[in-house]
Amino acid sequence: MKPEVIVLGAGSAGLQAARNILERTNLDILVIEEHARIGYPEHCTGLISLNGVKNALRVPLQNLAVNYIHGAYIYSPSGIRLLVARTEPVAVVINRPLYEYMLYKLVADRVKFVLGVKASLANGKVYFRDTTLKPSFIVDARGLQSLTSRRPEARKHVIPALQFDMSARLEEYKYVHVFLGDQFSKGFFAWAVPLDDNRVRIGLASKGNVLLRLKTLANRLEKITNGIIKPTSRLRVLGGAVYTGGLADQVSGTVYYVGDSAGQTKPTTGGGLVYHSYASLYLAEALAKNSQAHYDYSIRRLLGREIKRQLLLRRLLDGMNDKELNELFLVLKRINGEELVSKYGDMDVQTSLLRKLGMELMKREPLFYLRAIPLLFNLLVAQF
Ligand SMILES: Cc1cc2nc3c(=O)[nH]c(=O)nc-3n(C[C@H](O)[C@H](O)[C@H](O)COP(=O)(O)OP(=O)(O)OC[C@H]3O[C@@H](n4cnc5c(N)ncnc54)[C@H](O)[C@@H]3O)c2cc1C
């Protein structure tokens, strides 16, 4: 066995990378995954934009789609609610383990898999069981574990997350619910994502006690959502961690990083599937050209600016206390923010909307706008 490419990790990023390399090159590929079963353990909410599914994930949604989503209710700490809504669905909740299994089946007859085996990596060599291999290319898709072992400073941007799947009575199940404020999360937010009219996935990521916070959310969900969601019992618990710290190194020698391992997630929401599926397309191109520079350049051109802006937004939100968040919601209501976000909001290119909101704020709430300028300036200075 002498593969030319070794992919470490058969999560979404590793499998998309294997698939794209297979489609664009004639290289022999070996994938090594530490868990015995593809798709497990499960940790993700599985919410993806429909644009992202079409252009990046490139998988058919029959069998995979659990629920189609038309928008979101966003709640301030005191319960002021913004509704972002479209008539057509904009996103889908997918069955994440099935998605990974589908990717696996797409490549399994032409890619060799070693499952249930942990691999390590040093000096361009891969070690697993009693084997050492030195392939032409290594794709490191081992997730956050790889990122934090290379860059210990990234740990402060890794936020523990917890989810409950709950049976529930839902009056309406085409909108996700997002909750801001200290009681549910420090450094992130909480969510309730309907799976159908009688199941909901509630979750949060937070610094501090996630279990206690999530139990509080479950207990208060009916009241906060004005009776839209009445949870009845807990079906299962999913654990994990989201990363909000921005892009890391993308290449090093013959090693290409992809997915959470490369920091390819949204600092605002922690979502990674769309970004790393796009990234794996460029990864395959770079391997075909044997050009690390092509990968690094393409990722920074594709994701760099958006991720930097999202980092700024993340810091802005983290810097606001509950009172300031409530005030922001009131201002957004006054300037018809709901309409603007509904019209121009994009789950994957989130910050294109900020300019429009900023202009509207300047026009209609100049005092609030002026107060925000020093805050933005401080954040910019802190970033560079
Ligand atoms: C609670 C939660 C909700 C989320 N919701 C969403 C969402 O709705 N939408 C979205 O887009 N993103 C979401 N994300 C983020 C998304 O799940 C991640 O960005 C994505 O899983 C990253 O994929 P990956 O393949 O890079 O890493 P992983 O999914 O972590 O996969 C890494 C793989 O590498 C394997 N591995 C690790 N070490 C080794 C080793 N030494 N040897 C061999 N194999 C190894 C692991 O077993 C695993 O299979 C969520 C994350 C969390 C925690």
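Look up a bit, the structure's there.
Residues numbered from 1 in each chain as written. Predicted model: local features only at pLDDT ≥ 70, side-chain atom pairs only at ≥ 80, totals over all residues. Heavy atoms only, no water.

Looking at the overall build of the chain
Helix and strand counts for the chain stand at eleven helices and 19 strands. For 384 residues, the compact-globule formula gives about 21 Å, and the C-alpha radius of gyration of the chain, at 21 Å, lands near that figure. With the C-alpha coordinates of the chain rotated into their principal frame, the extents come out at 65 × 45 × 35 Å. For the chain, with 384 residues in total, the buried portion stands at 53%. Within the chain, contacts between residues at least 6 apart in sequence are counted, and of these 73% link residues at least 24 apart. Within the structure as shown, the chain displays about 17700 Å² of accessible surface, and the carbon and sulfur contribution to it stands at 54%. (Helix = DSSP H or I, 4+ residues; strand = E, 2+ residues; numbered from the N terminus. Rg over C-alpha atoms; globule rule 2.2 N^0.38 Å. Buried < 20%, exposed > 50% of the residue type's maximum accessible area, 1.4 Å probe, protein only. Contact = heavy atoms within 4.5 Å. Areas by Shrake-Rupley, 256 points an atom, 1.4 Å probe, with all protein chains shown as cover.)

Thoughts on the site of the ligand
Among the 34 residues in the neighbourhood of the ligand, the closest are listed as E33, H35, L47, R96 and D260. Note that an oxygen atom of the ligand is positioned 2.9 Å from one of the backbone N or O atoms of L47. Here D260 contributes a side-chain N or O atom positioned 2.7 Å from an oxygen atom of the ligand. Contact with the protein chains removes 91% of the 1000 Å² of surface that the ligand exposes when unbound. Mapped onto the shell around the ligand, the elements with two or more residues apiece are α1 (12-24), β2 (29-33), β13 (158-170), β17 (229-243) and α6 (273-289). Across the shell around the ligand, the residue classes tally to eleven nonpolar, 17 polar and six charged. When residues are assigned to domains, the shell around the ligand turns out to be shared by domain 1 (5-64 + 95-155 + 248-309) and domain 2 (156-243), each giving three or more. (Near = heavy atom within 4 Å. Polar contact = N/O pair within 3.5 Å; in protein donor to acceptor, adjacent residues only side chain to side chain. Nonpolar A, V, L, I, M, F, W, Y, C, P; charged D, E, K, R; others polar. Domains from an automatic or database assignment.)

Comments concerning helix α3 (residues 96-107)
In a regular helix each residue adds 1.5 Å, so twelve residues correspond to 16 Å; α3 covers 17 Å between its end C-alpha atoms and thus fits that length. Looking at the buried side of α3, the elements it contacts are α1, α2 (50-57), β7 (91-94), β8 (112-115) and α6. Residue N95 occupies the N-cap position of α3, its side-chain oxygen lying 3.1 Å from the main-chain nitrogen of L98. (Expected span 1.5 Å × (residues − 1).)

Observations concerning the packing of aromatic side chains
One pass over the structure, following the stated rule, counts eleven aromatic pairs. Measuring from centroid to centroid gives 4.4 Å for F188 and F189, while their planes differ by 15 degrees, and the two rings are stacked. Here F188 matches F189 in class, with each residue buried. The interplanar angle of 65 degrees and the centroid separation of 5.8 Å between the aromatic rings of F189 and W191 together place this pair among those described as edge-to-face. (Phe/Tyr/Trp six-rings, centres within 6.5 Å; stacked < 30°, edge-to-face > 60°.)

Describing the packing of helix α9 (residues 337-344) against helix α10 (residues 352-364)
Across the interface, α9 lies against α10 with an axial gap of 10 Å and an inter-helix angle of 155 degrees. It follows that α9 is roughly antiparallel to α10 by the angle criterion. The way α9 lies across α10 gives a crossing that is right-handed. Two secondary-structure elements touch here, α9 through G337, L340, V341 and Y344 and α10 through S352, L353, K356, L357 and E360. Residues that form the contact of α9 with α10 fall into these classes: five nonpolar, two polar and two charged. (Axes fitted to C-alpha atoms, helices over the stretch in contact; angles between N-to-C directions. Parallel < 35°, antiparallel > 145°, perpendicular 65-115°, else oblique. Left-handed = near helix turned anticlockwise from the far one by under 90°.)

Quick notes on the sheet that holds strand β4 (residues 65-69)
Spatially, β3-β7-β4 is the arrangement adopted by the three strands of the open sheet, whose pairing is antiparallel. Every other strand in the sheet has two partners, leaving β3 (47-49) and β4 as the edge strands with one partner each. Neighbour to neighbour, the strand axes of the sheet diverge by 30 degrees on average, direction disregarded. In this structure, β4 lies alongside β7, joined through four bridges in antiparallel fashion. Within the sheet, the bridge partner assigned to I69 lies in β7 and is A91. Sheet strands touched by α2: β3, β4 and β7. Its angle to β3, the strand with the most contacts, is close to 80 degrees. (Pairing = 2+ DSSP bridges.)

Considerations on the environment of K363
Note on placement: K363 falls in helix α10. Under the relative-accessibility criterion, K363 is labelled exposed at 62%. C-alpha separation for the pair K363 and R86, spaced 277 residues apart in sequence, amounts to 26 Å.

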